[in-house]
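# Survey of secondary and tertiary structure
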Amino acid sequence: MPMRRLYALLPLLAVLAGCPVTQSQQTPVAATRVKEVSTGSGYWLYVPSTYDAQRDWPLVITLHGTYGFDDSEAQIREWKYLAERHGLIVAAPDLRSVQGILPVVRSQWYKDLATDEKTILAVLEDVSKHYKVDPNAVLLTGFSAGGFPMYYTGLRNPTRFNMLVARACNSDMEMLSKIELADDARKLPIAIFWGKDDLKKIHDDSWAAFRYLREHKCLKAEQKQILGGHLRRPDMTYKLWIKHLPAKYRS
């Protein structure tokens with residue numbers, strides 16, 4: 001890599017390296033590693049110790065950022081305390097399209113996005129087959145470069161999720177412009193938030209995604225700048241999501 005390019009990346013690497021999992025790891029049951037048979041992809045799963053198949057459960061599908069700085073295991077570790085506390089099932093799939101640092105070959109990247117879409121939907125089906133998932137309470141959320149497959153999959157399959165939440169996410173205008181937005185996508189609640197001290201790229205991508213969505217009549221899209229930097233913020237995500245959950249989960 002040319003030195004000029006390396007120096008340009010140093011601030012980004014410093015910020016991304018500062019994304020530790022800060023949530024408590026003290027949960028009564030452990031997360032498990034699962035292989036989804038139809039795609040052969042792997043994912044991490046957390047099911048609360050209070051799980052009871054006699055009632056419905058909300059599901060979070062959380063998408064990791066760039067490999068080397070984030071992965072599916074880190075995502076499940078950041079969510080499992082909240083999952084246990086609030087009664088959520090959480091799945092964190094392995095992804096391919098999450099490159100938020102170095103340039104990508106666009107043709108291959110679109111193939112990776114399509115693969116990730118298949119993986120995410122297959123994980124949703126797999127979890128729903130084995131557990132009592134409420135189809136009206138499925139969140140798709142991405143962190144950092146996980147924004148790419150979140151927007152791609154969520155906007156192309158809006159009836160499979162009841163909300164999208166972008167947490168300090170990358171976006172891509174060319175990718176968004178290739179998605180034919182159905183009426184259901186325009187009705188989907190979408191929250192976009194990022195830290196005041198995050199990278200300029202994250203600021204710009206977050207605003208660009210919000211503007212694009214509102215210009216294309218996604219009137220339930222909202223944006224918010226919060227304190228802090230490039231942080232995972234599952235707690236903030238849950239607070240945004242709970243407003244859109246069925247009333248029985250808000251008591």
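Residues numbered from 1 in each chain as written. Predicted model: local features only at pLDDT ≥ 70, side-chain atom pairs only at ≥ 80, totals over all residues. Heavy atoms only, no water.

### Some points on the confidence of the model for the protein chain
For the protein chain, mean pLDDT is 91; residues scoring 70 or higher make up 91% of the total. Taken together, the stretch residues 1-18 has pLDDT below 50 and engages in 24 contacts with residues farther than four places along the chain or on a different chain. (pLDDT = per-residue confidence, 0-100. Contact = heavy atoms within 4.5 Å.)

### Details of the pattern of salt bridges
Evaluated as defined, the whole model comprises 15 salt bridges. Ionic pairing is found between arginine 232 and aspartate 70, a salt bridge with its closest N-O pair at 2.8 Å. Within this pair, whereas arginine 232 is found in the loop between strand E8 (221-226) and helix H8 (234-242), its partner aspartate 70 is found in the loop between strand E3 (57-63) and helix H2 (72-86), the two being separated by 162 residues in sequence. There is no split in this pair, since arginine 232 and aspartate 70 are both buried. Residues glutamate 125 and arginine 160 are paired through a salt bridge, measuring 2.3 Å at the closest nitrogen-oxygen approach. Of the two residues, glutamate 125 is situated in helix H3 (residues 106-130) and arginine 160 in the loop between helix H4 (147-156) and strand E6 (163-167); the sequence distance between them amounts to 35 residues. Given the relative accessible area of 26%, arginine 160 is considered partly exposed. Through salt bridges that share partners, Asp56, Lys132, Asp134 and Lys248 make up one connected network. (Salt bridge = Lys/Arg side-chain N within 4 Å of Asp/Glu carboxyl O. Helix = DSSP H or I, 4+ residues; strand = E, 2+ residues; numbered from the N terminus. Buried < 20%, exposed > 50% of the residue type's maximum accessible area, 1.4 Å probe, protein only.)

### Considering the packing of H3 against H4
Contact pair H3 / H4: the axes reach a minimum separation of 9 Å and the direction vectors enclose 65 degrees. By crossing handedness, the relation of H3 to H4 is classed as right-handed. Residues Trp109, Leu113, Ala114, Asp116, Glu117, Ile120 and Leu121 of H3 pack against Phe148, Pro149, Tyr152, Thr153 and Arg156 of H4. Looking at the contact of H3 with H4, its residues break down into 8 nonpolar, 1 polar and 3 charged. (Axes fitted to C-alpha atoms, helices over the stretch in contact; angles between N-to-C directions. Left-handed = near helix turned anticlockwise from the far one by under 90°. Nonpolar A, V, L, I, M, F, W, Y, C, P; charged D, E, K, R; others polar.)

### Observations regarding the packing of aromatic side chains
This model, assessed by the stated rule, comprises 6 aromatic pairs. Here the aromatic rings of tryptophan 109 and phenylalanine 148 are separated by 5.1 Å at their centres, their planes lie at 90 degrees, and the arrangement is edge-to-face. With tryptophan 109 in helix H3 and phenylalanine 148 in helix H4, this pair connects stretches of sequence that are 39 residues apart. Comparing tryptophan 109 with phenylalanine 148, the two get one shared label, buried. Geometrically, the ring pair formed by tryptophan 194 and tryptophan 207 is edge-to-face, given 5.7 Å between the ring centres and 65 degrees between the ring planes. Placement of tryptophan 194 in strand E7 (residues 190-195) and of tryptophan 207 in helix H7 (residues 200-215) is noted, with a sequence separation of 13 residues between them. For tryptophan 194, a relative accessible area of 1% corresponds to the buried category. Three or more aromatic residues joined by ring pairs make a cluster, and in this case those are Tyr51, Trp57 and Tyr131. Cation over ring: arginine 55 sits above tryptophan 57, and NZ or CZ is 3.6 Å from the ring centre. (Phe/Tyr/Trp six-rings, centres within 6.5 Å; stacked < 30°, edge-to-face > 60°. Lys NZ or Arg CZ within 6 Å of the ring centre and 35° of its normal.)

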